[in-house]
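Residue-level listing of the chains:
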Amino acid sequence: MSDRHRSSPGISVVICAYTEDRWEDILAAVASVRAQAYPALETLLVVDHNQALLDRLDKEYKEVADVRVLANAGPRGLSAGRNTGIAASRGEVVAFLDDDAVAERDWLKHFASGYTDPRVMAVGGRTEPVWASGRRPAWFPEEFDWVVGCTYRGLPRGRVRVRNVLGGNASFRRSAFNAAGGFATGIGRDGDKRPLGCEETELCIRLSRARPDAVLLIDDRAVIHHRVPRAREHFRYFRTRTYAEGLSKALVSRSVGADKGLESERRYTTRVLPAGVARGLRDALLLRPGGAQRAGAIVTGVLTAAGGYLVGSVRARRGGAAFCVPPVEGAGHG
């Protein structure tokens, strides 16, 4: 390894997988990590309670020294899978890549450059959608690209300080987990069940409370390309995901308080989305395709997310939505 890399943090990359349906995607994700200009210390493939996939990946990477295949040691779901990867990792920095995404060659280089400042506890990147149909659906507003796990219109550009990074394209200093614990279980995704999220938002807010001096960044040069399957290009999925986001935000607010839990969302709802509606209506007047539908989708998304938030808030108050924050065993070594 060159002197430049020797003086920079070692980065472990965690990829969580749960289904053989994504076999080719998983192989592509791992290959993109192994091709990085800034080499990863290791790639950890964490398999979520799927023995057939675990055995198949074990066989695939048996002779590959820098790839380790692990079983999720916690309850089913993405949060516990990530915690398993963190606990097993050796790097000073732990990065996360979705199993249906590929990273550009300089992805880790841009992450590493963010950690030259010792106050930086997390660095995220930009996630671009790869639509299964070959192009963005005309009705799908860029302001809602978070619905398909991608960077959305309204996020600041460049390398900027943020409240939270987005989990499928993110990295954290190991000491962040020592300070704040791991990803909360019971709040994030669980395979193909209702697509809840926000576990990284909750962790980032908790981290900022544990370390008030912590700096969290997004560097939009750290790019990954995230596959969007055809099923997620439909309006039905859009409604389901926005409702689930409302449920998740209610859990986050229950955990960290509505002030912090909804801080970024207030600006997004009062500034970014009205501008998106106006843009859609203007496009409709100019007879551009999809303008009216995009405006309608934004309004529907807001109302559906608000409905989910109300339902989630009632459930949380009744004690029907519990989640826990585990310490990450092993996160102190490295």
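These numbers were taken from a predicted model, which means no experiment stands behind them.

A word on the overall build of the protein chain
Next, step 1: If you tally the helices and strands in the protein chain, you get 11 helices and 9 strands.
Next, step 2: For the protein chain, the proportion of its 334 residues judged to be buried stands at 54%.
Next, step 3: A sequence separation of at least 24 residues applies to 80% of the contacts in the protein chain between residues at least 6 apart.
Next, step 4: Surface exposure of the protein chain reaches about 14900 Å², of which carbon and sulfur atoms provide 52%.

A look at the nonpolar core
Next, step 1: Membership of the largest hydrophobic core comes to 37 residues, with the highest contact counts inside it found for Val-13, Leu-97 and Trp-107.
Next, step 2: Ranked by residues supplied to this core, first place goes to helix 2 (residues 23-34) with 6 residues.
Next, step 3: For Trp-107, the contacting residues outside a window of four places in its chain are Val-13, Val-33, Gln-36, Ala-95, Phe-96, Leu-97, Asn-169, Ala-222, Val-223 and Ile-224.
Next, step 4: The next biggest cluster of nonpolar side chains, apart from the first, holds 26 residues, and it includes Val-14, Met-121, Val-165 and Ala-180.

Re the confidence of the model for the protein chain
A low pLDDT score tells you not to read the predicted coordinates there in detail.
Next, step 1: Taken residue by residue, the protein chain gives an average pLDDT of 89. The fraction at 70 or more is 88%.
Next, step 2: Long-range and interchain partners of residues 188-195, a stretch whose pLDDT sits below 50, account for 23 contacts in this model, where long-range means more than four residues apart.

Structural notes on the packing of aromatic side chains
The geometry of an aromatic ring pair is captured by two quantities: the separation of the ring centres and the angle between the planes.
Next, step 1: A complete count under the given rule lists 16 aromatic pairs for this structure.
Next, step 2: Ring plane angle 85° and centroid distance 5.5 Å describe the contact between Trp-139 and Phe-238, whose orientation is recorded as edge-to-face. Here Trp-139, found in the loop between strand 6 (120-131) and strand 7 (159-161), pairs with Phe-238, found in helix 8 (residues 235-256); they are 99 residues apart in sequence, far enough to count as distant.
Next, step 3: Relative to Phe-238, the ring of Phe-235 has its centre 5.6 Å away and its plane inclined at 15°; by these criteria the two rings are stacked. Linking Phe-235 with Phe-238, this pair stays in helix 8, spanning 3 residues, or about one helical turn.
Next, step 4: Exposure remark for Phe-235: the relative accessible area of 30% places this residue in the partly exposed category.
Next, step 5: A connected cluster of aromatic rings, assembled from ring pairs, spans Trp-131, Trp-139, Phe-140, Phe-144, Trp-146, Tyr-152, Phe-235, Phe-238 and Tyr-268.

Regarding the side chain of Arg-82
Next, step 1: Within the element layout of this structure, Arg-82 appears in helix 4 (residues 78-88).
Next, step 2: Once residues within four sequence positions are removed from consideration, Arg-82 is found in contact with Cys-16, Phe-96, Asp-98, Gly-167, Gly-168, Phe-183, Glu-199 and Glu-200.

A closer look at the environment of Thr-185
Next, step 1: Inspection of the secondary structure puts Thr-185 in the loop between helix 6 (174-180) and helix 7 (199-210).
Next, step 2: Classification of Thr-185 by relative accessible area gives buried; the value is 13%.
Next, step 3: Between the C-alpha atom of Thr-185 and that of Glu-199, which follows or precedes it by 14 residues, the distance is 8.0 Å.

Criteria and thresholds
Residues numbered from 1 in each chain as written. Predicted model: local features only at pLDDT ≥ 70, side-chain atom pairs only at ≥ 80, totals over all residues. Heavy atoms only, no water. Helix = DSSP H or I, 4+ residues; strand = E, 2+ residues; numbered from the N terminus. Buried < 20%, exposed > 50% of the residue type's maximum accessible area, 1.4 Å probe, protein only. Contact = heavy atoms within 4.5 Å. Areas by Shrake-Rupley, 256 points an atom, 1.4 Å probe, with all protein chains shown as cover. Core = buried A, V, L, I, M, F, W, Y, C linked by side-chain atoms within 4.5 Å. pLDDT = per-residue confidence, 0-100. Phe/Tyr/Trp six-rings, centres within 6.5 Å; stacked < 30°, edge-to-face > 60°.

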